[in-house]
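If you want the building blocks of each chain, they are given just below.
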Amino acid sequence: MSPGRQGHCTFIADLIISAKVCSVVVLSLLPAVLQRTPIGASAFRLTERVIRPFHRSRSRQGAGRLSLYPDHLSRTALELTPVEPAVMADDMCVTEKGKEMVLCFCTGNANKLREVSFILGKTVTLTSADVDLPELQGDPADISVGKCRLAFNQLKQPVIVEDTSLCFNALGGLPGPYVKWFLKKLGHKDLPKLLAGFDDKSAYALCMFSYMDDTLEKPLLFEGRTNGVIVDARGDPNFGWDPIFQPHGFDQTYAEMTKELKNTISHRYRALEKLKTYLVQHKEEFLTAHAAKKVKSGE
Ligand SMILES: O=P(O)(O)OP(=O)(O)OP(=O)(O)OC[C@H]1O[C@@H](n2cnc3c(O)ncnc32)[C@H](O)[C@@H]1O
Ligand SMILES: [Mg+2]
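Note that the structure is a prediction, hence the values are computed from the model and not measured.

A. Inspection of the overall build of the chain at higher detail. Looking only at helices and strands, one finds nine helices and eight strands in the chain. Within the span of the chain, comprising 299 residues, buried residues form 42% of the whole. Long-range contacts, defined as pairs at least 24 residues apart, comprise 64% of the intrachain contacts of the chain with a sequence gap of at least 6. Accessible area of the chain: about 16,800 Å², with a carbon and sulfur share of 59%.

B. Main features of the coordination of the magnesium ion (ligand 2). The coordination sphere of the magnesium ion (ligand 2), as far as protein atoms go, consists of Glu135 (OE) and Glu135 (OE), spread over 2.2 to 2.8 Å. Within the fold, Glu135 resides in the loop between strand E3 (125–129) and helix H5 (140–155).

C. Region of interest: the site of ligand 1. Contacts to ligand 1 come from 19 residues, most closely from Thr107, Lys112, Lys147, Lys180 and Asp242. Between Lys147 and ligand 1, the recorded distance is 2.7 Å, taken from a side-chain N or O atom to an oxygen atom. Contacts to ligand 1 include Thr164, whose backbone N or O atom sits 3.0 Å from an oxygen atom. Contact with the protein chains hides 94% of the accessible area of ligand 1, taken as 610 Å² for the molecule alone. When contributions to the shell around ligand 1 are tallied by element, the ones reaching two or more residues are strand E4 (159–168), helix H6 (179–190) and helix H8 (267–281). The element best represented in the shell around ligand 1 is E4, accounting for three residues. Residues of the shell around ligand 1, tallied by class, amount to three nonpolar, six polar and 10 charged.

D. Here's a closer look at the pairing of strand E7 (residues 220–230). As judged from the 10 bridges shared by strand E6 (residues 202–212) and E7, these two strands associate in the antiparallel manner. In the sheet register, Met208 faces E7, and the bridge partner there is Glu223. Relative to strand E8 (residues 245–247), E7 runs antiparallel, the two being bridged by three bridges. Following the sheet pairing, Gly228 is matched in E8 by Pro247.

E. How the structure looks around H6. Over its 12 residues, H6 runs only 13 Å from end to end, short of the ideal 16 Å by more than 12%, given 1.5 Å per residue. Taken together, the buried positions of H6 are Val179, Leu183 and His188. Down the axis of H6, the buried side of the element spans an arc of 45°, and every buried residue falls inside it. Opposite the buried face of H6, by more than 90 degrees, sit the exposed residues Lys184 and Lys185. Its buried side turned inward, H6 meets E4 and strand E5 (175–176).

F. Focus on the UniProt feature "binding site: Mg(2+)" (unreviewed entry) in the chain. The positions UniProt marks with the feature "binding site: Mg(2+)" (unreviewed entry) are Glu135 and Asp163. In three dimensions, the annotated residues from a span of 29 residues occupy one location, with a maximal C-alpha spread of 9.4 Å. Residue Glu135 is classed as partly exposed on the basis of its relative accessible area of 29%. A polar contact is formed between the side chain of Glu135 and the side chain of Lys180, at a distance of 3.0 Å. Looking at the secondary structure, you find Asp163 in strand E4. Each residue touching Asp163, except ones within four places of it in the same chain, is listed here: Lys112, Ile143, Ser144, Lys147, Pro177, Leu206, Cys207 and Met208.

G. The arrangement of H8 in detail. The first and last C-alpha atoms of H8 sit 22 Å apart over 15 residues, in line with the 21 Å expected at 1.5 Å per residue. Those residues of H8 that sit buried are His267, Arg268, Ala271, Leu272, Leu275, Lys276, Tyr278 and Leu279. Angular distribution of buried residues about the axis of H8 spans 165°; they occupy a single face of the element. The N-cap of H8, judged by a side-chain oxygen 3.3 Å from the amide nitrogen of Arg268 a few residues on, is Ser266.

H. Unusual backbone geometry, seen in detail. Along the chain, Leu174 connects to Pro175 via a cis peptide bond; the corresponding omega equals 0°. Relative to the assigned elements, Pro175 resides in strand E5. Positive phi is not limited to glycine here, since Lys156 has a value of about 50°. Along the chain, Lys156 falls in the loop between H5 and E4.

I. A look at the state of the cysteines. Counted according to the given criterion, the structure contains zero disulfides. Unpaired in this structure, Cys148 has its nearest cysteine sulfur neighbour in Cys106, at a distance of 8.0 Å. Residue Cys148 is classed as buried on the basis of its relative accessible area of 0%.

J. Local environment of the confidence of the model for the chain. Looking at the chain, pLDDT values average 76 and 64% of them are 70 or higher. Predicted confidence for residues 24–37 stays below pLDDT 50, and this span has six contacts to residues more than four positions away or in other chains. The model gives residues 86–96 a pLDDT under 50, and that stretch makes 23 contacts with residues more than four places away or in other chains.

Basis of the calculations
Residues numbered from 1 in each chain as written. Chains lettered and ligands numbered in written order. Predicted model: local features only at pLDDT ≥ 70, side-chain atom pairs only at ≥ 80, totals over all residues. Heavy atoms only, no water. Helix = DSSP H or I, 4+ residues; strand = E, 2+ residues; numbered from the N terminus. Buried < 20%, exposed > 50% of the residue type's maximum accessible area, 1.4 Å probe, protein only. Contact = heavy atoms within 4.5 Å. Areas by Shrake-Rupley, 256 points an atom, 1.4 Å probe, with all protein chains shown as cover. Donors = N, O, S within 2.8 Å, 3.2 Å for Na, K, Ca; no water. Near = heavy atom within 4 Å. Polar contact = N/O pair within 3.5 Å; in protein donor to acceptor, adjacent residues only side chain to side chain. Nonpolar A, V, L, I, M, F, W, Y, C, P; charged D, E, K, R; others polar. Pairing = 2+ DSSP bridges. Expected span 1.5 Å × (residues − 1). Arc of directions from axis to C-beta. UniProt positions renumbered as here; feature names shortened; annotations may be inferred. Disulfide = S-S within 2.5 Å. pLDDT = per-residue confidence, 0-100.

This is how it looks when you write it as structure tokens:
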């Protein structure tokens, strides 16, 4: 090769190497630069708030969430995740900045979290904690109150928990709070077969929310119930037993409804309406107690 041509080749090779180095530097700096722009910062915050909790709860489900070990409880207890309100709902309880009612919903179920966030809207500033609470046994109210005490003892801040039951009237209310296990073992296809020998296919969905803060001696219960019938599975199979529950007055199952419709007639909606009323009525008390606590702790 002539010296002139060799010089050209070396020049081109140098150019390619410099371009590669530049692109590596630009790409590695890009996230940091983007994060400083208003749109980039919002995108990063959104990723943190929406994707991370969802991912965590999905991966925890995969890992088996039935840990009863206290060390596990304390390990996850402080992982609080802010939750964006899913809709700009009523602004009845929007408070001045720095005076919001912050409430932590302890659940490992991403679908519940989505619905609660949707229904509560801007009533409170909702955070969530995927605290691995034991699946207690007993009647639905005791289970919910028990869960709430455990969550409050871990988090030491205003918390809500809920426990959901699906009760078949022909079976005296079973599977009730144990529906999670029945669903796991039987699936959507076989769960309705429990009623094969009965004419009565009626059932009700029951939601028990419990609320606790340090102004209360024991958790408060808010119950919501929606009546319906058990049918062969229809609709989106993504949330629990939604495909087999058809509420009275509708020809769609929960799983066939839009989320807007389900969230205005569901057992969860009915319980949360009561909780909302309580929170609005006790807002001043709540804020005063928490302001006093902050002064005491020097925050
Ligand atoms: O961490 P927690 O809040 O306890 O979440 P979980 O999934 O363990 O929930 P429950 O203990 O309340 O068990 C209730 C079962 O019913 C299911 N479920 C709850 N709400 C539902 C709804 O609105 N529609 C359909 N299935 C629902 C849920 O997926 C469980 O299988
Ligand atoms: Mg549970």
